[in-house]
Amino acid sequence: MKRAIKMVQFGCGKMSLYTMRYALEKGVKIVGAFDIDENKVGKDINSLLGGPLKKVKILHASKLDDFLSKHEVDVVVVTTMSLLNDVKDVLLTCAKNGVNAITTCEEAFYPQNSNPKLTASIDKLAKQNDCTICGSGYQDVFWGNLITAIAGATHKIKKIQGKSSYNVEDYGIALAEVHGAGLTTAQFEKQVAAADKISAQARETLIKKGEFAPCYMWNVNGWLASRLGLTVVSQTQKCVPQIAKNRLTSTTLGMDIPRGRCTGMSAVVTTKTKEGVDIITECIGKVYDKTEFDQNDWTIFGEPNTQVTINRPSTVELTCATVINRLPDVINAPSGYYTTEKMPANEYRAKNLESYVKE
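These remarks concern the structure in this document. Within each chain, residues carry numbers counting from 1 in the order of the written sequence. In view of the model being predicted, local features appear only for residues whose pLDDT reaches at least 70, and side-chain atom pairs are presented and counted only at 80 or more, with totals across whole chains, interfaces and linings using the full set of residues. Side-chain numbers here rest on the full set of heavy atoms in the structure, without hydrogens or water.

**Points about the sheet that holds strand 11 (residues 262-273)**
Applied cut-off: At least two bridges found by DSSP between two strands are what make those strands a pair. Each helix corresponds to a stretch of at least 4 residues labelled H or I by DSSP, and each strand to a stretch of at least 2 residues labelled E; elements are numbered beginning at the N terminus. Fitting a line to C-alpha atoms yields each axis, with helices limited to the stretch in contact; the angle taken between N-to-C directions then spans 0 to 180 degrees. Any two residues whose heavy atoms approach within 4.5 Å are treated as being in contact.
Here we have 6 strands laid out as an open sheet, ordered 8-11-12-7-13-14, and mixed in their pairing. Because the sheet does not close on itself, it has two edges, and the strands there are strand 8 (232-243) and strand 14 (306-311). For this sheet, the mean inter-axis angle between neighbouring strands, taken without regard to orientation, is 10°. Across 9 bridges, strand 7 (residues 156-167) lies against strand 13 (residues 295-303) in antiparallel orientation. Looking across to strand 13, one finds that Q161 is bridged to T299. Across the sheet, helix 6 (residues 138-151) is in contact with strand 7, strand 12 (278-286), strand 13 and strand 14; its angle to strand 13 comes to roughly 25°.

**Concerning the packing of aromatic side chains**
Our working definition: The aromatic pairing rule takes the rings of Phe, Tyr and Trp, using the six-membered ring of Trp, and pairs them if the centres are within 6.5 Å, calling planes under 30 degrees apart stacked, those over 60 edge-to-face and the rest tilted. Only protein chains enter the accessibility calculation, which uses a 1.4 Å probe; a residue whose area is less than 20% of its type maximum is buried, one above 50% is exposed, and one in between is partly exposed. A ring has a charge above it when a Lys NZ or an Arg CZ is no more than 6 Å from the ring centre and no more than 35 degrees off the ring normal.
Per the stated rule, a full pass over the model turns up 8 aromatic pairs. Here F34 and F67 contribute two aromatic rings whose centre-to-centre distance is 5.4 Å and whose plane-to-plane angle is 75°, an arrangement assigned as edge-to-face. Of this pair, F34 sits in strand 2 (residues 29-35) while F67 is found in helix 3 (residues 64-70), placing the two residues 33 residues apart along the sequence. Owing to a relative accessible area of 0%, F34 belongs among the buried residues under this scheme. Given the relative accessible area of 9%, F67 is considered buried. Between the aromatic rings of Y138 and W143, the centroid separation amounts to 5.8 Å while the plane-to-plane angle is 90°, which identifies the pairing as edge-to-face. Aromatic rings pair up to connect F10, F34 and F67 into one cluster. Positioned over the ring face of F301 is K159, at 4.8 Å from the centre of the ring. When the ring centre of Y356 is taken as reference, the NZ or CZ atom of R349 above it lies at 4.8 Å.

**Considerations on the pairing of strand 1 (residues 6-10)**
Remark: a regular strand shows side chains that alternate across the two faces of the sheet. The cut-off we apply is this: If the strands point away from the viewer and the path from the first strand over the helix to the second runs clockwise, then the crossover is right-handed.
Within strand 1, 5 of the 5 residues are buried, leaving the element largely enclosed by the surrounding structure. Along strand 1, one buried face is formed by K6, V8 and F10 and the opposite face, lined by M7 and Q9, is buried too. Here strand 1 runs beside strand 2; their pairing, made up of 5 bridges, is parallel. Across the sheet, residue K6 finds its bridge partner in strand 2, namely K29. Between strand 1 and its parallel partner strand 2, the chain crosses via helix 1 (residues 14-25), and the hand of that crossover is right-handed.

**Focus on the nonpolar core**
Applied cut-off: What we call a nonpolar core is a set of buried Ala, Val, Leu, Ile, Met, Phe, Trp, Tyr and Cys residues that are connected through their side-chain atoms within 4.5 Å.
In terms of nonpolar packing, the biggest core is built from 74 residues, with M7, W143 and L327 touching the most fellow members. Here the element with the most residues in this core is helix 10 (residues 216-228); it accounts for 7 residues. Excluding residues that lie within four positions of it along the chain, M7 makes contacts with T19, M20, A23, V28, K29, I30, V31, G32, V75, V77, I324 and L327.

**Re the packing of helix 1 against helix 11 (residues 315-325)**
Under the convention used in this document: Note on terminology: angles under 35 degrees are roughly parallel, angles over 145 are roughly antiparallel, angles of 65 to 115 are roughly perpendicular, and the others are oblique. Working rule for handedness: look at the near helix, and if it is turned counterclockwise from the far one by less than a right angle, call the crossing left-handed; if clockwise, right-handed. Classes in brief: Ala, Val, Leu, Ile, Met, Phe, Trp, Tyr, Cys and Pro nonpolar; Asp, Glu, Lys and Arg charged; the others, Gly included, polar.
At a minimum axis distance of 9 Å, the contact between helix 1 and helix 11 shows a crossing angle of 45°. Classified by the angle their axes make, helix 1 and helix 11 are oblique. By crossing handedness, the relation of helix 1 to helix 11 is classed as right-handed. Residues M15, Y18, T19, Y22 and A23 of helix 1 form the contact with helix 11, whose participating residues are V316, E317, T319, C320, A321 and I324. Looking at the contact of helix 1 with helix 11 residue by residue, the class counts come to 8 nonpolar, 2 polar and 1 charged.

Quick look at the structure:
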């Protein structure tokens, strides 16, 4: 590609501050931006980024279809919600218009194992219109390619065990609410935990109907199994509330969380495979107190055992940099819903991103 990549930003919240800046600094041309917040609509994106006028006004999200039908766009970056059903409209709109899209939606990372029907619909439309749809972000590297790289140095694997924690304050209200932050324990049991207290058959029915609500590691385990060539025979998840030991203030929720209420949740996913490799992963998302920090801790048990721990990763920035570095891969990928375990491992992009797009 001899010209700059033309990008549209969908969702102008906290994450977009990084995705747009990183894109601009890598030579990407932002040609559009969209949000549902009327306080942002009509303003130039420099109202978020600062600096000189960018001459790109934020439009209402409902205008995306019309915009894509009239403008040349290479890729849409979607930084809004966490479940595929919540971002399906924007992804289907991109697919309808033949425009590539990449999203930080956690379920979109590997939605084949949680919402196969919707994934197939997006895949079919994207193939018809010759574009690529996928999900990426922090998990692409720190729960995905980092682990498979270590696996590549292992003779035999018995178990892969991972744990990652993050502050929901950094990601906006939608993610905080999905984690049950601010709920009473009774509300958590009814609104969050109850969904997992079902039989395997009942869960499979929900998955086929597109009504299953996966925790983040559900899709990560599927991604890992696919990348490692493992055959999944069973998978379960369990959500456990994280309880405030003292009163906390959540600026994202706009409330104080009293002692004894939920600050978020821990979700554990256990995957059994035909090859005998167990994958047990846990993600802890909550409103932090002053002593807590992000951590990524993974161990491969086998011959040999290997552990990797990363303390205080800059999770938000790493998420956004991963997505922007992925833009050439998305443009280069085959059409359809094409998950990133089929793409090259994430790479640092030293040059402007159009340099990495195949002619």
